[in-house]
Protein chains: 2
Amino acid sequence: MILEIMQRAEKRIPHIVISRLPVYLRALRLMETQGKPYTSSQELAAWLGCTPAQIRKDLSHFGEFGKQGTGYSVNGLQKHLRNILHLNSEWPVIVVGTGHIGSAIANYTGFAERGFRVVAVFDNDPIKIGSQVGQFVVRDVAEVAAFVSEQPIRHAMLSVPADAAQSVADLLIKNGINAILNYAPVHLTCPPSVQVEYIDPVLHLQVMTYSVG
Amino acid sequence: MILEIMQRAEKRIPHIVISRLPVYLRALRLMETQGKPYTSSQELAAWLGCTPAQIRKDLSHFGEFGKQGTGYSVNGLQKHLRNILHLNSEWPVIVVGTGHIGSAIANYTGFAERGFRVVAVFDNDPIKIGSQVGQFVVRDVAEVAAFVSEQPIRHAMLSVPADAAQSVADLLIKNGINAILNYAPVHLTCPPSVQVEYIDPVLHLQVMTYSVG
DNA sequence: TAGATTGTTAATCGATTAACAATC
DNA sequence: TAGATTGTTAATCGATTAACAATC
């Protein structure tokens, strides 16, 4: 039993599997608001447009969360997924860059609802520093070091212009940030200990024009 | 020769290949601003953190765009990619939903810079209809049918609350929209002729906490 | 018990990569 | 010519899926 757990822990779980867990979690939350106590891999798959086998296979990397004949407890599986993803406590996040995107991010309430609290907003433009963005006073990006050393912040959302993104990312990493959600439309080159995820809406539109056009 | 082209056209190109073309295009644009006339699969791969073989393989689905010994013309390859993706003319896009995200999208200049023009903004909230969002007057979503029939609009960005997303998507599809970029944190069930892409920043943050946490 | 659904195995399917002849 | 890099092939690698014994 303990051996099994250890063996499981040794295996490196594919990123593609990890990336689907939050999607399952999102669907389970929705099921819960609809008052659904149990679900099955089949039902979940129908909601998500994937196969039941994929869901069961994905979950099997982490343990056995279901019951034959019954399926999964909606609430129970959520708890397991939150444990796996380390979403039990709220995570602080900083926003760097206060253009249109940065301001929108800073004011978006959807983060706090799902476990991430924007705690500060930074920019390097002297005109913007000290100004108000939503409930935040924009801080000088030069103060990131001091700010991050005060509290253990690991996540940053990066919304600076493309040509500044790499150097700002380097600065953030130097100061202890190791998870960057990059809204700037450029690839970032970072050490392997740092995780980077990308959001660029134009990419999605362009992909769709391939078959629409 | 003609036979080869026909054979190529018959093959169904994997979505994952299509999804990388805009990334290549984005890098080539950046190279061009830096005054670089030529590049190679090796250099491009180094910029993007992928392998040179992958880039060559991806491009080989569509034709032969490089020269042995020399590589690719930065400008020439951009043109080929724009042709493939149907990005030669500007595409009109509508925004549906004018919360924080919708407003930010409507005001974001990054779309027009890369070939997509936001032409109208819709909502179903009577309080919002008629109000100003950036340069747009918010229209009643009930007018989508009339608006879309006037000009051939295929793309919509959907930023309504999660529980309204499916029904609004259905309405858009009924009126001729067949590419939806969905910002609402729910899976949409749509006919196969309709393409849906998803953006949910929280998903990315949650994925990163798996290993950061 | 009978029906349902799990977790897992093995087969299938598809994507990535290394290697190299062709050639600029 | 010599060096560099392509496009393509074949091998490898990894992900998805179907099927089913186990069992609630």
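Please refer to the structure placed before this passage.
Here the residue numbering is sequential within each chain, running from 1 through the sequence in written order. Just so you know, chain letters begin at A and ligand numbers begin at 1, following the order they were written in. Local features in this predicted model are restricted to residues whose pLDDT is 70 or higher, and side-chain atom pairs enter the listing and the counts only when it is 80 or higher, whereas totals over whole chains, interfaces and linings include all residues. In computing side-chain values, all of the structure's heavy atoms are included and hydrogens and water are not.

S.K.: Hey, could you run me through the interface of chain A and chain B in this one?
M.R.: Many analyses report the size of an interface as the accessible area lost when the parts associate. Contacts were defined at the residue level, with two residues in contact if any of their heavy atoms lie within 4.5 Å. Facing 57 residues of chain A, the contacting portion of chain B comprises 57 residues. Salt bridge, as used here, is a side-chain nitrogen of Lys or Arg placed within 4 Å of a carboxyl oxygen of Asp or Glu. For the pair chain A and chain B, the number of links is four salt bridges. The partner of Asp200 of chain A in a salt bridge is Arg114 of chain B, with the nearest N and O atoms 2.8 Å apart. In the analysis that follows, any N or O atom pair within 3.5 Å is treated as a polar contact, provided that within protein one partner can donate a hydrogen and the other can accept it, and provided that, for residues neighboring in sequence, both atoms belong to side chains. Inspection of the region where chain A meets chain B yields 20 residue pairs in polar contact (both at pLDDT 80 or more). Looking at the side of chain A that touches chain B, the element that brings in the most residues is helix 10 (residues 201–212) of chain A, giving 12 residues. Strands are runs of DSSP state E lasting at least 2 residues, helices are runs of H or I lasting at least 4, and numbering of each runs from the N terminus.

S.K.: I would appreciate a short explanation of the relation of the copies chain A and chain B in the present structure.
M.R.: Both copies of the chain are tied together by a single rotation about an axis and a shift running along it. For this overlay, a least-squares fit was computed on C-alpha atoms, restricted to residues scoring pLDDT of at least 70 in both copies. Least-squares fitting of chain A to chain B yields an RMSD of 0.0 Å, with the superposition described by an axial translation of 0.0 Å and a rotation of 180°. The superposition of one copy onto the other is thereby described by a two-fold rotation axis. No C-alpha of chain A approaches the rotation axis more nearly than that of Ala104 of chain A, which lies at 3.0 Å. Taken together, the interface assignments show that 100% of the residues at the interface of chain A recur at the interface of chain B, consistent with an identical surface on both copies.

S.K.: What is the right way to look at the sheet that holds strand 7 (residues 139–140) of chain A in this model?
M.R.: Residues and elements named next belong to chain A. Strands pair, by our definition, only if DSSP identifies at least two bridges between them. The strand order across the open sheet built from six strands is 7-4-3-8-9-10, with neighbouring strands paired in parallel fashion. At either end of the open sheet lies a strand with only one pairing partner, and these are strand 7 and strand 10 (195–198). Note: strand 4 (residues 116–123) against strand 7, two bridges, orientation parallel. Paired with Asp123 across the two strands is Asp140, which belongs to strand 7. Whenever a helix is involved, its axis is fitted only over the stretch in contact; in every case the axis is a line through C-alpha atoms, and angles between N-to-C directions fall within 0 to 180 degrees. Contacts from helix 9 (residues 162–174) reach strand 3 (91–96), strand 8 (155–158) and strand 9 (179–182), with the element oriented near 165° to strand 8.

S.K.: What exactly am I supposed to notice about the packing of aromatic side chains here?
M.R.: Given two aromatic rings, one states the distance between the centres and the angle between the planes to describe the pair. Side-chain rings of Phe, Tyr and Trp (the six-membered ring for Trp) are treated as a pair once their centres are within 6.5 Å; stacked means planes under 30 degrees apart, edge-to-face means over 60, and tilted covers the remaining angles. Evaluation of the coordinates by the stated rule reveals six aromatic pairs over all chains. Measuring from ring centre to ring centre gives 6.4 Å for Phe62 of chain A and Tyr210 of chain B, while their planes differ by 80°; the resulting arrangement is edge-to-face. Of this pair, Phe62 of chain A sits in the loop between helix 4 (52–60) and strand 2 (72–73) while Tyr210 of chain B sits in helix 10 (residues 201–212), placing the two residues on different chains. Burial status follows relative accessibility: with a 1.4 Å probe on protein chains alone, a residue under 20% of its type maximum counts as buried, one over 50% as exposed, and anything between as partly exposed. With a relative accessible area of 24%, Tyr210 of chain B lands in the partly exposed category.

S.K.: Is there a simple way to think about the packing of helix 3 (residues 41–48) of chain A against helix 4 of chain A in this case?
M.R.: In a packed pair of helices, the relevant descriptors are the angle between the two axes and the axis-to-axis distance. Residue and element names in this part refer to chain A. Running from N to C, helix 3 and helix 4 point in directions that differ by 110°, and their axes come no closer than 8 Å. By the angle class used here, helix 3 and helix 4 are roughly perpendicular. Note on packing geometry: the crossing formed by helix 3 with helix 4 is right-handed. Here helix 3 contributes Ser41, Gln42, Leu44 and Ala45 to the contact with helix 4, which in turn contributes Pro52, Ile55 and Arg56. Any angle from 65 to 115 degrees is called roughly perpendicular, while one under 35 is roughly parallel, one over 145 is roughly antiparallel, and all others are oblique. For a crossing to be left-handed, the near helix must be turned anticlockwise from the far one by less than a right angle; the clockwise case is right-handed.

S.K.: Just checking my understanding: could you explain the environment of Ser40 of chain A for this structure?
M.R.: Residue and element names in this part refer to chain A. By the element assignment, Ser40 lies in the loop between strand 1 (38–39) and helix 3. Judged by its relative accessible area of 27%, Ser40 falls in the partly exposed class. For the pair Ser40 and Ser73, spaced 33 residues apart in sequence, the C-alpha to C-alpha distance is 8.7 Å. Those residues in contact with Ser40 that lie beyond four places of it in its chain are Gly71 and Tyr72.

S.K.: Would you take a moment to explain the pattern of salt bridges for this structure?
M.R.: Side chains carrying opposite charge are able to pair once their charged atoms draw close together. By the definition in use, this model includes 10 salt bridges over all chains. Among the ionic pairs, Lys36 of chain A bridges to Glu43 of chain A, the shortest N-O distance being 2.8 Å. Note on Glu43 of chain A: relative accessible area 24%, which makes it partly exposed. Residues joined in a network through salt bridges with shared partners are Arg26 and Arg114 of chain A together with Asp200 of chain B.

S.K.: Would you mind showing me how to read the nonpolar core here?
M.R.: Within soluble globular proteins, side chains that are nonpolar tend to cluster in buried spots. By size, the foremost hydrophobic cluster in this structure holds 90 residues, and its most contacted members are Leu81, Phe111 and Met157 of chain A together with Leu81, Phe111 and Met157 of chain B. With near-sequence residues (within four places) excluded, Leu81 of chain B lies in contact with Leu21, Tyr24, Leu25, Leu28 and Leu59 of chain B. In this text, buried Ala, Val, Leu, Ile, Met, Phe, Trp, Tyr and Cys residues form a nonpolar core when linked through side-chain atoms within 4.5 Å. Counting residues in hydrophobic clusters, the runner-up holds 24 residues, among them Val96, Phe122, Ala165 and Leu188 of chain B.

S.K.: Even after reading the chapter, I still don't get the protein's contact with DNA strand D, so can you show me in this structure?
M.R.: Close contacts around DNA strand D come from 25 residues, with Lys67 of chain A together with Ser41, Arg56, Gly66 and Tyr72 of chain B the closest. A molecule or strand has a residue near it when one of that residue's heavy atoms lies within 4 Å. Of all DNA strand D atoms lying within 4 Å of any protein atom, the proportion belonging to sugar or phosphate reaches 65%. Backbone polar atom of Gln68 of chain A to a base oxygen of DNA strand D: 3.2 Å apart, as the coordinates give it. Contributions of two or more residues to the surface near DNA strand D are made by helix 2 (15–33) and helix 4 of chain A together with helix 4 (52–60) of chain B. A class-by-class count of the residues in the surface near DNA strand D yields five nonpolar, 12 polar and eight charged. Residues are grouped as follows: Ala, Val, Leu, Ile, Met, Phe, Trp, Tyr, Cys and Pro are nonpolar; Asp, Glu, Lys and Arg are charged; all remaining types, including Gly, are polar.

S.K.: So what exactly am I meant to see when it comes to unusual backbone geometry here?
M.R.: Backbone geometry follows two general trends: most residues other than glycine have a negative phi, and most peptide bonds adopt the trans configuration. Residues and elements named next belong to chain A. One non-glycine residue, His86, adopts positive backbone phi at about 65°. As for its placement among the helices and strands, His86 is situated in the loop between helix 5 (74–85) and strand 3. On the accessibility criterion, His86 (28% relative accessible area) is partly exposed.

Keep in mind that these numbers describe shape and distance, not what the molecule does.
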